[in-house]
Amino acid sequence: MASQLLLIGLFVASCSLALASDPSPLQDFCVADPNSQVLVNGVVCKDPKLVQADDFLFRGLQLMGNTSNAVGSNVTQVFVAQLPGLNTFGISMARIDFAPHGINPPHTHPRATEILVVISGSIEVGFVTSNPDNRLLTKVLEMGDVFVFPQGLIHFQRNVGHGYAVAIAGLSSQNPGAITIANAVFGSNPDINGDILAKAFQVDKDVVYQIQSKF
């Protein structure tokens, strides 16, 4: 049953993003050439005569990711860097594994809307609307449930079940990007000035320094 749902999840994630945000292709394909030294908005195309079937293949999404980390989750990306054949098609996907009580911390995708389908477990999801409302919209999803996160908005997932949980995400960009809020704010290089963060979060500077030390 779980394997059937996984197949359904893969289909939904990959086919539900017909209105992609990336530029539309102007030829059959434009397989990414990671070895090119040319810098463009995207990835340079490989010579079509050198393209092989393997350029359109990614293996391993059935494998569980390592969730032995501070947040208890793992994201297996299938973006253009992992699957060169995605270049110019405006879609990508990911597998998200959750340990018990694990979270995918609040983050944004600056270049993509995300659609998520739960393959196993119970996952609490939510996103926050933009200023000035900052309204939290949240829901607990069960196996087979689908939820969408609008492009650019802060969102999160949390495993609220008793065992491991798995979800498949589809994204409307070949390279959606991810900005994890805590890492960006408290783990920037170099550090954001403590005075700025203390005033922004309305806390003492010592609290800011304590949090920064964890990143």
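The rules behind each value
- Residues numbered from 1 in each chain as written.
- Predicted model: local features only at pLDDT ≥ 70, side-chain atom pairs only at ≥ 80, totals over all residues.
- Heavy atoms only, no water.
- Disulfide = S-S within 2.5 Å.
- Helix = DSSP H or I, 4+ residues; strand = E, 2+ residues; numbered from the N terminus.
- Buried < 20%, exposed > 50% of the residue type's maximum accessible area, 1.4 Å probe, protein only.
- Pairing = 2+ DSSP bridges.
- UniProt positions renumbered as here; feature names shortened; annotations may be inferred.
- Axes fitted to C-alpha atoms, helices over the stretch in contact; angles between N-to-C directions.

Student: Go over the state of the cysteines, please, and point to the residues and values.
Tutor: Counted by the stated rule, this structure contains one disulfide. The residue that forms a disulfide with Cys-30 is Cys-45, at a sulfur-sulfur distance of 1.7 Å. Residues Cys-30 and Cys-45 share a disulfide whose torsion about the S-S bond is about -95 degrees; that sign makes it left-handed. With Cys-30 in the loop between helix 1 (2-15) and strand 1 (73-78) and Cys-45 in the loop between helix 1 and strand 1, this pair connects stretches of sequence that are 15 residues apart. With relative accessibility at 36%, the residue Cys-45 sits in the partly exposed group.

Student: I'd love a proper account of the pairing of strand 2 (residues 92-98), names of residues and values included.
Tutor: Burial within strand 2 is extensive, with seven of its seven residues counted as buried. Judged from the six bridges that link them, strand 1 and strand 2 form a sheet pairing that is antiparallel. Looking at strand 2, one finds that Thr-76 is bridged to Arg-95. Bridge count between strand 2 and strand 9 (residues 165-171): seven bridges; the pairing is antiparallel. Across the sheet, residue Asp-97 finds its bridge partner in strand 9, namely Val-166.

Student: I'd like a description of the UniProt feature "domain: Cupin type-1" (unreviewed entry) in the protein chain, backed by residues and values.
Tutor: Here the UniProt-annotated "domain: Cupin type-1" (unreviewed entry) positions come out as residues 68-209. Taken end to end, residues 68-209 is 13% helix and 39% strand, and its first and last C-alpha atoms sit 26 Å apart.

Student: An account of the sheet that holds strand 10 (residues 179-180) is requested, with residue identities and associated values reported.
Tutor: Sheet strands line up and pair through hydrogen bonds in the backbone, either parallel or antiparallel. The five strands are arranged 6-5-8-3-10 in an open sheet whose pairing can be described as antiparallel. The open sheet is flanked by strand 6 (136-141) and strand 10, the only strands paired with a single partner. Pairing analysis gives three bridges linking strand 3 (residues 103-108) to strand 8 (residues 155-159), with the strands arranged antiparallel. Each bridged residue has a counterpart across the sheet, and for Ile-103 the counterpart in strand 8 is Arg-158.

Student: Quick rundown of the sheet that holds strand 4 (residues 114-120)? Include the residues and the values.
Tutor: The five strands lie next to each other as 1-2-9-4-7, forming an open sheet whose pairing is antiparallel. The open sheet has two free edges, formed respectively by strand 1 and strand 7 (146-149), since each of these has just one partner strand. Going from strand to strand, the sheet's axes swing by 20 degrees on average, the running direction of each strand aside. The sheet contact formed by strand 4 and strand 7 spans four bridges and is antiparallel. When the bridges of strand 7 are listed, Leu-116 appears paired with Phe-147.

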